[in-house]
Each structure stands twice: as C-alpha cells, then as structure tokens.
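# A look at the structure
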Amino acid sequence: MGRVLNLVLAGVGGQGIVSLANVIANAALHRGTNVVVAETHGLSQRGGSVIVHVRLGDAEAPLIPVGEGDIMIALDPLEAARYAHYLKQGALAYVEQKVTPPPLPGVKPPSTEEVVRSLEEAGLRVRVVPAIRRAQELGNPLGANVYMLGAAMASGVFDGYLGPEDVEAAIKLVLKKPEKNIRLFRAALAEG
Amino acid sequence: MKEVLAPPGSRVIMLGNVAIARGALEYGVAFASAYPGTPSTEITEALSYASRLLGAPYVEWSSNEKVALEGAIGAALAGVPAMASMKHVGVNVAADPLFSVGYMGVPASLVIVSADDPGMWSSQNEQDNRIYGIHAYIPVVEPAGAQEAKRAVIEAFKLSEKWGHPVILRSTTRIGHTRVPVETGEINLEGIKRKGKFEKNTERYTLVPAHARKLREELVEKWERIREDLASHPLNWVEGPEDAKLLVVGAGLGYRYAKEALARLGLEDKARLLKIGTPVPLPRKLIVEEASRADKIFVVEEGDPVVESQIKEALYDEKIIVDIHGKEKGPIRRTGELTLDNVTAGLARVAGVPYEAPQPPRPRISLPPRPPVLCAGCPYRAVFYALRRAVGKARVRPIYNGDIGCYSLGVNPPFQMQDTIVEMGGSIGLANGMSHTVEGQIPIAIIGDSTFFHAGLPGLANAVYNRAPMLVVVLDNRTTAMTGHQPHPGIGVTARGEPGYSIDIVDAARGLGVEYVKVIDAFNIKEGEEEFYKALEYVKKEGKPALVVARGACILLAIANARRMGVKYTVYTVDLDKCTACGLCYKAFNCPAIYPGDDGKARIDPLLCTGCGECAQICPFDAFHPVEEPPEEWLRIMRTAKPM
Ligand SMILES: Cc1ncc(C[n+]2csc(CCOP(=O)(O)OP(=O)(O)O)c2C)c(N)n1
Ligand code: SF4
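A brief structural summary. (Residues numbered from 1 in each chain as written. Chains lettered and ligands numbered in written order. Predicted model: local features only at pLDDT ≥ 70, side-chain atom pairs only at ≥ 80, totals over all residues. Heavy atoms only, no water.)

## Things to note about the overall build of chain A
Keep this limit in mind: Elements are defined by DSSP. Helices are runs of H or I of four residues or more, strands are runs of E of two residues or more, and each kind is numbered from the N terminus. Throughout, radius of gyration means the C-alpha value; the globule benchmark is 2.2 Å times the number of residues raised to the power 0.38. Exposure is judged per residue with a 1.4 Å probe applied to protein chains only, and the accessible area is read against the type maximum: over 50% gives exposed, under 20% gives buried, and values in between give partly exposed. What makes two residues a contact is simply this: any of their non-hydrogen atoms within 4.5 Å. Here, Shrake-Rupley sampling with a 1.4 Å probe gives the accessible areas, and only protein chains in the shown set may cover a residue. Charge counting treats Lys and Arg as positive and Asp and Glu as negative, with His and both chain ends excluded. Charge placement uses NZ in Lys and CZ in Arg. For Asp and Glu, CG and CD serve respectively.
Of the regular secondary structure elements, chain A holds seven helices and six strands. Element order for chain A, N to C, with α for helix and β for strand: β-α-β-β-β-α-β-α-β-α-α-α-α. Its C-alpha atoms give chain A a radius of gyration of 15 Å, near enough to 16 Å, the size a compact globule of 192 residues would have. Viewed in the frame of its principal axes, chain A has a C-alpha envelope of about 50 × 40 × 35 Å. When burial is assessed residue by residue, chain A has 66% of its 192 residues classed as buried. Residue pairs at least 24 apart in sequence account for 63% of intrachain contacts in chain A once pairs closer than 6 positions are excluded. If you sum the accessible surface of chain A, you get close to 6,800 Å²; carbon and sulfur atoms cover 50% of it. Computed over 19 positive and 19 negative side-chain charges, the separation of the two mean positions in chain A equals 5 Å.

## Some points on the interface of chain B and chain A
Just so we agree on the cut-off: Two parts lose some accessible area (1.4 Å probe) when they are put together, and adding that loss for both gives the buried area. Salt bridges are identified by distance alone: a Lys or Arg side-chain nitrogen within 4 Å of an Asp or Glu carboxyl oxygen. Side-chain atoms alone can form a polar contact between residues adjacent in sequence; in general such a contact is a pair of N or O atoms within 3.5 Å, and within protein one must be able to donate a hydrogen while the other accepts it. Note on residue categories: nonpolar means Ala, Val, Leu, Ile, Met, Phe, Trp, Tyr, Cys or Pro, charged means Asp, Glu, Lys or Arg, and polar means any other residue, Gly included.
With 57 residues of chain B at the contact, the number on the chain A side is 59 residues. Both faces combined, the contact of chain B with chain A buries some 4,900 Å², and carbon together with sulfur accounts for 62% of it. Considering only the side of chain B, the residues that lose the most area to chain A are Arg179, Pro361 and Arg370 of chain B, jointly responsible for 18% of the buried surface there. Across the chain B-chain A interface, the total number found is six salt bridges. Put simply, Glu260 of chain B and Arg55 of chain A hold a salt bridge, and the shortest N to O gap is 2.6 Å. Between the two partners, chain B and chain A, sit 19 residue pairs in polar contact (both at pLDDT 80 or more). Secondary-structure elements contributing two or more residues to the side of chain B that touches chain A are β1 (11–15), β8 (178–183), α12 (254–264) and α15 (340–351) of chain B. Residue composition of the side of chain B that touches chain A, grouped by class: 33 nonpolar, eight polar and 16 charged.

## Observations regarding α12 of chain B
Within α12 of chain B, nine of the 11 residues are buried, which leaves the element mostly enclosed by the surrounding structure. All buried positions along α12 of chain B are accounted for by Gly254, Tyr255, Arg256, Tyr257, Ala258, Glu260, Ala261, Leu262 and Ala263 of chain B. Looking at the packing, one finds that the buried side of α12 of chain B touches β3 (49–57) of chain A together with β9 (237–239), β10 (246–251), β11 (271–276), β12 (296–300) and α15 of chain B.

## Points about the site of ligand 1
All names here are of chain B. For the record, the criterion: Throughout, the term near means that a residue has one or more heavy atoms lying within 4 Å of the molecule or strand in question. Here the limits of each domain have been adopted from an automatic or database domain assignment.
The environment of ligand 1 is formed by 26 residues, the closest being Glu65, Tyr380, Asp449, Thr451 and Ala481. With respect to ligand 1, the backbone of Ser450 contributes an N or O atom lying 3.0 Å from an oxygen atom. One of the backbone N or O atoms of Ala481 is found 2.8 Å from an oxygen atom in ligand 1. For ligand 1, the protein covers 97% of the area, taking 580 Å² as the surface of the free molecule. Where the shell around ligand 1 is concerned, the elements lending two or more residues are α4 (88–93) and α18 (449–465). A per-element tally of the shell around ligand 1 places α18 first, with four residues. Residues of the shell around ligand 1, tallied by class, amount to 11 nonpolar, 12 polar and three charged. In this structure, the shell around ligand 1 is formed jointly by two domains, domain 1 (2–195 + 204–230) and domain 3 (379–553), each of which donates at least three residues.

## Some words on the sheet that holds strand β6 (residues 140–141) of chain B
Residues and elements named next belong to chain B. Which entries qualify depends on this criterion: Note on pairing: DSSP must find at least two bridges between two strands before they are called paired. Interaxial angle, 0 to 180 degrees, is taken between N-to-C directions of lines fitted to C-alpha atoms, where a helix line uses only the stretch in contact.
Reading across from one edge, β3-β2-β4-β5-β7-β6 is the order of the six strands in this open sheet, with parallel pairing throughout. Every other strand in the sheet has two partners, leaving β3 (58–61) and β6 as the edge strands with one partner each. Note: strand β2 (residues 31–34) against β3, four bridges, orientation parallel. Looking at β3, one finds that Ala32 is bridged to Val59. Here helix α3 (residues 65–77) sits on the sheet and contacts β2, β4 (82–87) and β5 (110–116); the angle it forms with β4, its principal contact strand, is near 165°. This element, helix α7 (residues 149–163), spans β4, β5, β6 and β7 (167–172) of the sheet and lies at about 165° to β7.

## Regarding unusual backbone geometry
Residue and element names in this part refer to chain B. Geometrically, the link from Ala56 to Pro57 is a cis peptide bond, its omega value of 0° lying close to zero. Checked against the element boundaries, Pro57 lands in the loop between α2 (41–54) and β3. In this structure, the amide linkage connecting Gly330 to the following residue, Pro331, adopts the cis form with an omega of 10°. Residues other than glycine seldom take positive phi values, yet Arg467 does so here, at roughly 50°. The residue Arg467 is located in the loop between α18 and β16 (471–476) in this model. Assessed through its relative accessible area of 49%, Arg467 is described here as partly exposed. Of note in this structure, Ala581 is not a glycine but carries a positive phi near 65°. Summarising the element assignment, Ala581 is placed in the loop between β19 (572–574) and β20 (594–596).

## So, the site of ligand 2
Neighbouring residues of ligand 2: Arg46 of chain A together with Leu374, Cys375, Cys378, Tyr380, Cys406, Asn477, Ala481, Cys554, Ile555 and Leu556 of chain B. Neighbouring residues of ligand 2 are not confined to one chain but are distributed across chains A and B. Of the residues assigned to the shell around ligand 2, the class counts are nine nonpolar, one polar and one charged.

## Let's talk about the pairing of β12 of chain B
Residues and elements named next belong to chain B. We apply this condition: Looking down the strands as they point away from the viewer, one classifies a crossover as right-handed if the path from the first strand across the helix to the second runs clockwise.
Summarising burial for β12: four of the five residues are buried, a large majority. Alignment of β10 against β12, held across five bridges, turns out to be parallel. Along β12, the bridge assignment pairs Leu247 with Ile297. In this structure, β12 lies alongside strand β13 (residues 323–325), joined through three bridges in parallel fashion. What sits directly across from Lys296, in β13, is Asp323. In terms of handedness, the path from β12 via helix α14 (residues 306–317) over to β13 forms a crossover that is right-handed.

If you want it as structure tokens, here you go:
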C-alpha cells in the first residue's frame, strides 16, 4: 500500500464541513490523487457535532483509524478536542478561534485557551485560526470553512497531494458564489 | 446532484448513493419508488433530479415503504425494470410484500435497496437486512464500498433479470454517505423510458394457498441453483497466494477494511483474501474450495455475522474443521460499525503477528455534549412550549407518545416531551394501548405530517373505532424535514416537481371519523395554548380522540422558499433596558440563536436568528423586537412554504 494522508474535519452541523469535504474531494480528483470521504448526514446536522473523514492517496477503507490522522481542520475548538483521538501524536490541528457554545440550557463550555492547552498537553501541534472572524471581515460570513482550508494549505501540509490550483478548480465546480470563495481562499493562503 | 448526469466516460466525485442512482440509470431503471430515510435518501433525490431533466425514469416519493415496494413489484410485473429504495427499518414496513415477491418472481428486474445503518447514526436500531434475504429467499448483492456501488447496482439488476427474481442491494451508511471518484458509463435512455405490458399469469401472480404451495417448492429448488450460480459472480473473487494458511473473507465494505488491514500488517503475501459481493445465498462452492486449504478463517463484514454463520454451516456440512474468527466470538465487535482499528487488531491476533495500536492524543478536558437541537425558528419549539403550558393549565398528567422526525429532538432538555419513541406511527399506536389502560393520565400522540401519512392513518382509524381517549397533535411543517425536506401526500408536489394532489390532514382526520379536529398556527403560542387546553378538556370529558393540526413550515424550508421568491426576513433584537436577565428565552425556551451575555441578559446572534418571532411571544418583559417590521410576504411563507 502506498502513501495516505488522513485528514479529520470537525465542526458543528451547519458550518459547512460537508461542503468543505466535497471541495477537497474534487480538488483531489483534479490533481489525480485518489480520495475517500466519509461524511456525517442526517440527524447530526441539526446543530450537532460533525466529523468527516478524508483520506487522500492509497486508502481503501472510509474511516480513519484512531491515532492515525495526520491533520485536523476544526471549525470549533470543542469539536477539535472531541475528535482529537483520531490524530497521531504530533499531528497538526488547525482550530477555529471562536467557540460555538452547544445550545443546551445552563451549559458553560471551556474557553479556546483551555481547549488548546489540553490539545497541546495531549501531544498535538495546534494553530489557532480566526477563520469565522476573517470570513466575516472579508464579506463572506459563511466562508470560514474555505478560509480554514487556505490557512492549512499555506503551511505546506498538503504538498504532494493537493495544491491551491486544485482547490480553486474544485471551488468553481462545487460551491455557490465561487469568486467570493476563491478570494477568501487566497486571502487565507496569504495570511496563513 | 448534477453529477448524477455527468457525461459518459468521465470521472467525477459522487456520493455512494448518487453512484447507486447513476448505476440504475445506466442499467435502465424505468420505475423508482422510495420513502425517504437516512442513509438512503440521496438515491431517490438524484433519480428525481435526473428524471426532471431527462423526462424519465418515473420516480416517486411513495407514502411509505410498503407502498413503494408494492409499486415497484407492480411495475416489474408490468415488465419494466424497477427499484424501491429505503432505509433498513423501512424494509420492516415493506416486509409483507417482500416475503411474497420471492415466490412469484418477476418478469422484469426488480431491485430493492436497503440502506442499513450500523452505528445508528440516524436510526432507532442496528439491523442487518441481509438476513431478510435469507428469510425471504431473495439474493443480496453488497458493494465493496462506495467505490463499487455503481457497479454493484448494475450487477444486482442483471442478476434479477437473469433469474427473473427480485434482488436486494444492501448498502450501509459508509457506502451511501462516502464520496469517491466514480467512472461514468452511458445512461440507457431507451431503458429508462420503457413502457411495459402486464401479461396475466394467474398461477404465479395470485398467491392463494394452492398456487403458493407449488411456488414454494420451486423457490427452494431455485434458491440452490442461484447459490451455485453465484460462485462465479463477477463481484466475488480471490486474491493472494493460493497456498496461504490464513483465509480472510471480506464481505461488502468488509473487503476494504480487510484489504487495508492486511496491507498495514504486511500480510498481503501471507494470506488469501476472498472478496464476497453476494453474501446471500453464500456461494458454498467458493468458500469450501478456499477453506479446505486454510487452517484459519477471519471474516470481516459490516453488521451481524451473516456470512460468518453461513460459512460455518457450509463447512460443517462438508466436515471441514477450521478455526473461524469474526463476530460471533470475536475479535471483531458485533455492535457499531467496522473500524480499521478493530479489524487490524483482530487480524493481527488471528494471524499471530505483533501489532501495537497507536497511543492517540487524549486531551484531558471535560467537554459538554453537543446533541442535535431544534433549529432556531423551528415551529416545534413554539408548539412544545404551548402544549406544556396547556397541559399545566388543564391539570392533566400527560404521557407524551413521541414519534420519528425532527420533533424527536424534544426528548432533550428543556422540553423532555417525548416519553416514548418506537418507530414511525408508534405515537398514535402506543397511545391507543395506553388510553385504555392508564388511570389519571392522558396519552398525547405527537406525530409529524409525513409520518401521519406514512403510518399514522391506521392507528388513528383504530383510535376512532375503539374510542381511545387521546390527544393527537399533528405537526404539519409542510415537509419531511429530518431527511432533508422531501414532499409528501399533504404537499401537492411530486418527486419529479410536478403538481400532485394535496391531501389536507384535517379532511383525512374528519374522514376517518375524528369528531374534534382543530387547526392552529404553529408559530402562535397563545393560540396553541388555548386550543390544546380546549382539546384536552374535550378528551377528558368525552373520552374520545381529539386531533389538533399545528401548521407552520419548517423554518429552513420557509427560508429557502423566501430566498427563491426574493423575500427577506427580519431578524430580532433585544432591548437590554427591558431584559431582566431572567433566562427564560435561553433556558426554558432554549432558542439556539439566543445566548446570555456576561450580564446574564439575552443576546441574539443575527446570523442564527431566522425571524420567527417566537421569542417576542414568550418574553414576559417585552424585550424582543424585530429590527424592522417583518414583511407580510415572509409571515405568509412561514405558514405556507413547501418543497419545490
Ligand atoms: C420506517 C421508517 N422510514 C423512514 C424513516 C426515516 N425518517 C426518520 S424521521 C423521518 C421524517 C418524518 O417526517 P415528519 O413526520 O414530517 O417529521 P419532520 O422531520 O418533518 O419533523 C423519516 C422519513 C424511519 N425512521 N423509519
Ligand atoms: S429542520 Fe425544520 S423541522 Fe427540523 S428542527 Fe429545523 S426547523 Fe425544525
């Protein structure tokens, strides 16, 4: 079996995790990289916790084994911590800065700082990204998913599997308002 | 969805379910029926998309799975290739015709897609529907992942055609909801437009005992011939060294896990891998041949040990004694879905090779759960709130018989108004039994509009007939929301986007003889409280069923309708001078768009607010106001929106 890059996408239903996975899958196809994406649909989408497994390269099975994820992109710190065990020791986690509190009466969630500390203590490398804020500032409030991908790609973790041109081609193919999203993606690449 | 119509010869990213739809189109399915259910829904959504553009095949959302399968049987008897798709529990609803159709056989191919949900991502149980195949004498084809989904459905149709027998295509969540590159072939345009003709064959198509007895003899004999034939089926094959002592059997998606686990452990050259795409009836010849050379067998399959137990049966009959490992005695867990961790560790143990599972990062932090919740602006929040107040005012001790739909989420705090949830239609069904047996309590059946048409009608007829004192609350949100907003018989739009008849729930209830029927505006809490109160009083006094239809569109549907019509809704805001930080709105009402500021006073997230106006009705201090007067059009759409 050849190389596999295991990417964990985590967040809250409605944040665009599944669309992001679709962008990545189409980018992989554009590049000629094999890809398997296992999604969460249905009940969990009503504001529930969402995880999507993306496996780039020579993967057969749809799910990433526990402890073998290479990269995480999380649009919520709590969800990053919830699925951290899918990652390898030392893996890189790109984590959104803003906590989306679970809408349960009387629940006070931990802060981003607390979560990040726990992730680092558990052996992960964490990059906090203000994707929700930047997407809003750049006039595309629903684009935090794309921004996050740009921020992660900027550091070279996808080299050999995907490049920015593949992502842009995929955005054109599968997202609404592609120009807006490409602008956001480029901004993230530059700022990342 | 557009990828379902990608030109032939292209390679496109598709969801497994869309690949199943594409496969059906390439084969030339002419009739496709379904009732929505995760993880099967996108098959029919993709077919409906294709049908709108191509003018064929005929696609329908049926009123329930039994009706869907009966329709597909009818189409197949009329001579056109047919398919009925449903989630695993839908097959329970369709089980009655399913057990008959094997006896009759079909003159054109008939495929029943069962989408099983191991891990219960969105279901009330885990059930392995390959067992239905054994029980009903219907062969089962199982794709090895989304990668093989398109090919498998085509093979399922071909198998059905070859034997004049129905075939089950068994998918699972990680097949239907996995996205992979798929190569497209030609869509069979002539096939999907085909019209049929029913040819009488009374001895075959009328299952009176005299006919059925003969057909049963034929069926049992045919079953063994099918089994033999399947030994050379193109979805079954073997890989790896012939002289290996370890035989790994990978059925369906289990094949992918087995293959990757073998690679991870460096065992590709030391084990034989038998890939099974037709788990039922298990081709004995294949397994006996391979097993006779092995001294250990390791079976990987999603769901129950269906292949494993058939292997054991086959080898027992042949007096072949080997160690068989799988799910019956481990090492693979019988509950939940397959994972590569579990399969790799199990394989290592069976093969006797070292394997050290990685030590994953385990952050030491306590995380609040994040269960799914009713959307901001969901009409159900207002209905639950009003109903609870009415129950208090009427001083009744309620039993909330819940049902399957978004309103199931009412099981969680703050409402906790779902005391039972069994299956679709179970709300009225259970209330029937309780209403005749409890003292001092009143059953309140809470049922959605789609569920009402699916399985609520017979229960309601029973309640009227047997005079069951209960309150039935029909949540008419104009759609089947939980599964992604499909239309239903109350809507008047078909799966192909054509006008259909819209059956009014009020007429249906009156027609069944319910004497007390009221319609309320789901978004109007005061009206709801009053009407629920009156209805409860009626039930108490008259000892008969009362029915209240709470009408108000699923807010997501309303927003989608409004967007299409160019109508904007108005968000709400908090007057901090009036807010007293009582917390009613974010605790007892628990709208996800409302959160407490550091001062405990309410704030509204304008990105989440949907302008439903419910908060303004519950706040005792009049602190919520729309930022501007809501347009009349929006208020109308909130009550009348429907799927397109
Ligand atoms: C037999 C069966 N078929 C299908 C499903 C899938 N399913 C779960 S919820 C649901 C929607 C019910 O619609 P409705 O009653 O209108 O409630 P809503 O989701 O709109 O609140 C469906 C179809 C199921 N659970 N059981
Ligand atoms: S999808 Fe519609 S019915 Fe379901 S919770 Fe959201 S608003 Fe309510």
